[in-house]
Amino acid sequence: MSSDIFWRNDAGYEQARRDAVANGRKPDRFPDVIVRARTVDDVISAIRMARARDLKVGIRSGGHSWAASFLRDGGMLLDLSRMSGFSVDVDARTATVQPGVKGGDLNRALLKDRLFFPSGHCKPVSLGGFLLQGGFGWNSRLWGPACCSVIGLDIVTADGELVHASESENADLFWAARGAGPGFFGIVTSFHLRLKPRPQAMMKSDYVYPIEVLDEVLLWIRRKQPVLPLNMEPLVFVRRDMFGHSGPTALVTAPVLADSQEEARAALALLETCPVLDKAVMREVDIVTELDGLLQGAEDLLYPPGAHYAADNMWTNAPADALLPGMRKIAETLPPAPSHMMWMLWGPTPPRPDMSFSMEADLYIALYGISPDEAGAAASQAWVTARMRELEHLAHGIQLADENLGARPFRFLADSNLQRLEAIRSRRDPDGRFHSYMGSAPAKS
């Protein structure tokens, strides 16, 4: 066994526990043992050890769950981050990736062959947890969540057996793995992916508006949504101290991944129709960029490494005017930067493959309470949770990427999909070897 093993009282245990959580806010949850696997055989040995000692298992790929849902009291934490190999079949346009592979690393390797995968929006995010929870990545409005591009998985089951899952083999595991997120009852050691042709042009435009015209901006972009092309990613961020502008402001930005710069410019021209365009305090249009630049920009402005994060979210089909009172309150109560609100205009959504992933709506709203240290973390969590509870009557559900089910349980799968998932769990993991979700999701009333 080539893995590193740290029992609770071992030297190195606490550092391994803290290193497992990318969030600077480290939960007070302590597994009995931490296993850092390097190979598939390590994973099989770890699950056999867990069975022999009757340990429940939590699984970590990149550690970017804000709530660290993989980190539990007691049992085993199985860390897969060192499993970071991948291979590419250029002719077949497929790749096989281990769970610790970072999306940016994969796309840099694909560049020379003009291929692409809709990886996550932040540099350090590994593909394991990203793909299991759905995977909202670059150009996902056009191509669908990244889990739609998963064509097979290699999985170590609760009894320590390595199996392959696809539409034709272990189809129940294949269905469950695409969307179950931290509640999946197996250890994925490889994902088999369908790749996309690389977009030939990446461009964006940025507009910063004073908070006094927030209502007008949100009403306009929500009503404009049906005509915004699917290869555009329309986003609105509200935070303090944006690009040197004091006080809360709203950033409208829209990366476009297109086949040509002409196509991208035509899409971005739609953002020039904002009725309060003359109020913008910053306007930068048709910026030519590339994936690494987009990833770095998101980290610099919104997601500084090492900070203490609290996050929560909602999917909604509500019209903008119904949302405006809640949006105003969010803006009025914003914690210090870089805490922020994000609107992602997602729909309309086409039919999806049959998979456990089943929670989408036209609009995705997320809150991120971000503080430099533990002193501000409790206030950030309170702000995030309170504001989202006030909007629950307008929510269709939440997505598992930014959930905090321990603080605010809410619906993350369609009710029928959750029932089907739990039925598969009872067959595949009858002894409850794998931890399920930290909180329960109430049925929709």
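Definitions and cut-offs
- Residues numbered from 1 in each chain as written.
- Predicted model: local features only at pLDDT ≥ 70, side-chain atom pairs only at ≥ 80, totals over all residues.
- Heavy atoms only, no water.
- Helix = DSSP H or I, 4+ residues; strand = E, 2+ residues; numbered from the N terminus.
- Rg over C-alpha atoms; globule rule 2.2 N^0.38 Å.
- Buried < 20%, exposed > 50% of the residue type's maximum accessible area, 1.4 Å probe, protein only.
- Contact = heavy atoms within 4.5 Å.
- Core = buried A, V, L, I, M, F, W, Y, C linked by side-chain atoms within 4.5 Å.
- Phe/Tyr/Trp six-rings, centres within 6.5 Å; stacked < 30°, edge-to-face > 60°.
- Lys NZ or Arg CZ within 6 Å of the ring centre and 35° of its normal.
- Pairing = 2+ DSSP bridges.
- Axes fitted to C-alpha atoms, helices over the stretch in contact; angles between N-to-C directions.
- Salt bridge = Lys/Arg side-chain N within 4 Å of Asp/Glu carboxyl O.

Novice: Explain the overall build of the protein chain to me, please; I cannot follow it from the model alone.
Specialist: Scanning the protein chain from terminus to terminus reveals 12 helices and 19 strands. On C-alpha atoms alone, the protein chain measures out to a radius of gyration of 21 Å, which is about the 22 Å that the 2.2 N^0.38 rule sets for 445 residues. Each of the three principal axes of the protein chain carries a C-alpha extent, and together these read 65 × 50 × 45 Å. Relative to its 445 residues, the protein chain shows a buried fraction of 59%. Taking the contacts inside the protein chain whose residues are at least 6 apart along the sequence as the reference set, 72% of them involve residues at least 24 apart.

Novice: Would you take a moment to explain the nonpolar core for this structure?
Specialist: A general trend in soluble globular proteins is that nonpolar side chains are found buried together. Counting 105 residues, the largest nonpolar core has Phe184 and Trp343 as its most contacted members. Here Phe184 is in contact with Leu132, Ile155, Leu173, Ala176, Ala177 and Phe434, once residues within four sequence places are set aside. In this structure, Trp66, Phe237, Met242 and Ala311 belong to the second largest nonpolar core, which totals 29 residues.

Novice: Help me understand the packing of aromatic side chains in this model?
Specialist: Each aromatic ring pair is characterised by the separation of its centres together with the angle its planes make. Applying the stated criterion across every chain, the model contains 13 aromatic pairs. Ring geometry for Trp66 against Tyr303: centres 6.4 Å apart, planes inclined by 25°, an arrangement best described as stacked. Taken together, the residues span a long stretch of sequence, with Trp66 in the loop between β3 (57–60) and β4 (76–79) and Tyr303 in the loop between α9 (291–301) and β17 (308–316) at a distance of 237 residues. For the pair Trp66 and Tyr303, a shared accessibility class is recorded, and that class is buried. The structure contains a cluster of three or more aromatic residues connected by ring pairs, namely Phe136, Trp315, Trp346, Phe357 and Tyr364. The side chain of Arg408 reaches across the aromatic face of Phe410, ending 5.1 Å from its centre. A cation over an aromatic ring shows up here: Arg420 above the ring of Trp175, its NZ or CZ 4.0 Å from the ring centre.

Novice: Can you walk me through the sheet that holds β3 in this structure?
Specialist: Strand order across the open sheet formed by 4 strands is β1-β2-β4-β3, with mixed pairing between neighbours. Across the chains shown, the open sheet's two edge strands, defined by having one partner strand only, are β1 (4–7) and β3. Strand-to-strand twist in this sheet, taken as the mean axis angle between neighbours without regard to direction, amounts to 15°. Of the pairings in the sheet, the one linking strand β2 (residues 33–36) to β4 comprises 4 bridges and is parallel in character. Residue pairing in the sheet places Arg36 in a bridge with Asp79 of β4. Along the sheet, helix α2 (residues 40–53) makes contact with β1, β2, β3 and β4, crossing β4 at roughly 175°.

Novice: Can you help me understand the pattern of salt bridges in this one?
Specialist: Any two side chains of opposite charge can pair if their charged atoms end up close together. Throughout the structure, instances matching the rule amount to 21 salt bridges. A salt bridge links Arg38 to Asp4, with the nearest nitrogen and oxygen atoms 3.0 Å apart. You can see Arg38 sitting in the loop between β2 and α2 and its partner Asp4 sitting in strand β1, a full 34 residues away along the chain. Exposure remark for Arg38: the relative accessible area of 36% places this residue in the partly exposed category. Residue Asp4 is classed as partly exposed on the basis of its relative accessible area, which comes to 23%. A salt bridge links Asp54 to Arg433, with the shortest nitrogen-to-oxygen separation between them at 3.3 Å. Of this pair, Asp54 sits in the loop between α2 and β3 while Arg433 sits in the segment after α12 (415–428), placing them 379 residues apart in sequence. Given the relative accessible area of 6%, Arg433 is considered buried.

Novice: Before we go on, may I ask you to explain the sheet that holds strand β10 (residues 187–194) in this structure?
Specialist: Pairing between the strands of a sheet is mediated by backbone hydrogen bonds and can be parallel or antiparallel. In space, the 5 strands of this open sheet follow the order β5-β6-β10-β8-β9, with antiparallel pairing throughout. A single partner strand is all that each edge strand has here, and the edge strands are β5 (86–89) and β9 (162–165). Each neighbouring strand pair of the sheet contributes to a mean axis angle of 15°, computed without reference to strand direction. Pairing geometry for strand β8 (residues 150–156) and β10, over 6 bridges, is antiparallel. From the neighbouring strand, Asp154 faces β10, where its bridge partner is Ser190. Packed onto the sheet, α2 meets β8, β9 and β10 and runs at close to 140° relative to β10. Contacts from helix α3 (residues 103–110) reach β5, β6 (94–97) and β10 within the one sheet, and its direction differs from that of β5 by about 35°.

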